[in-house]
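Listed below, chain by chain, are the residues.
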Amino acid sequence: MSKYLVETFYTCSFKIVHKIDELNEKKLSELENRNDGKVEIIDVKLNNQKTKKLTKENNENYSKKSVINNIPDITSLVNEKISISNKSKDMQEIENNKINNKKILLQHNRSKMPDRRKGYIQKVTIGDHKIYLHTGEYNDGKVGEIFIDMNKEGELVKALMNNFAIAISLGLQYGVPLDEFVDAFIETKFEPSGEIKGNDRILNASSILDYIFRELAISYLGREDLAHTPSIVKSSEEKIISQDEEDNFLKLVKDITSKGFVRSNYKEKLVDLSNVRINLKSKK
């Protein structure tokens, strides 16, 4: 078989670093004659490769050069240094990516809804359109999902509203604050709009989305500035139970009732629920 000699040419960019005690023109002019500088390789580029048939003369010349120059090849040293530096950079990038991925997973971890959850259904009428808003809550009372049902609408509008509700639900479960959705969709304008019947806190809305996020903001965020009627707060004279019993009973009420349904007014609902208090006590 014929043997061939492959010559590879590299272009090496490097810099030489010298340490001098004083900075003046004489010292700077003598830098080229000094041999105490440290060589730092900046970049090595592959130019081209040449292939030659390995004749006897070339073989003898190549062997003589390798024997006379009993020094490691500069290209191998450069390649080794570059490979080592690249490996270290690659390892560092991999570790940084792992750390960043862990941070992203921790920040955007989905909090799934419980299988049996609390919530409420609100029915309203805007013009001739009936809208049913369904909510689902976590155990701590935060809203985690919504569903929107409408009548007298075609399949396209129903599909769009259903998928919009799914997108909002996924955003809530991945940690997007409800305030962001409220600020984004409040006061959006499109038909149907106008007077709302069936909601005691919202009397009119500029669109379906405006109504939905007003309702969620009032029920779960306590945004009274978005309501059209004031909340009904009962006086403290109507409370029958003591403070200690009220704290225990209030905790129990929060565990079994929907925060959105009572609109966070647990204390105002205690009087209405006080008749059930005896049935909820555990037997000793």
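That block above? That's the structure.
Presented here is a report on the structure given in the accompanying data block. Since this is a predicted model, take the numbers as computed values, not measurements.

By the element assignment, Gly-171 lies in helix H4 (residues 155–173). Along the backbone, Gly-171 and Phe-181 are 10 residues apart, and their C-alpha atoms lie at a distance of 9.2 Å. Residue contacts for Gly-171: discarding those within four places in its chain leaves Val-176 and Phe-181.

The subject of this paragraph is the packing of H4 against helix H5 (residues 178–185). Between H4 and H5, the shortest axis-to-axis distance is 9 Å and the interhelical angle comes to 140°. Facing Phe-164, Ile-168, Gly-171 and Leu-172 of H4, the residues of H5 in contact are Leu-178, Phe-181 and Phe-185. Taken together, the residues of the contact of H4 with H5 sort by class into six nonpolar, one polar and no charged.

Bringing the pairing of strand S6 (residues 194–197) into the picture now. As judged from the two bridges shared by strand S3 (residues 121–126) and S6, these two strands associate in the antiparallel manner. From the neighbouring strand, Thr-125 faces S6, where its bridge partner is Lys-197. Bridge analysis of S6 against strand S7 (residues 204–205) gives two bridges, and the strand direction is antiparallel. Bridge pairing links Gly-194 to Ala-205 in S7. Between the end of S6 and the start of S7, which pair antiparallel, lie six residues, with Gly-198 showing a positive phi angle near 110°.

Conventions adopted
Residues numbered from 1 in each chain as written. Predicted model: local features only at pLDDT ≥ 70, side-chain atom pairs only at ≥ 80, totals over all residues. Heavy atoms only, no water. Helix = DSSP H or I, 4+ residues; strand = E, 2+ residues; numbered from the N terminus. Contact = heavy atoms within 4.5 Å. Axes fitted to C-alpha atoms, helices over the stretch in contact; angles between N-to-C directions. Nonpolar A, V, L, I, M, F, W, Y, C, P; charged D, E, K, R; others polar. Pairing = 2+ DSSP bridges.

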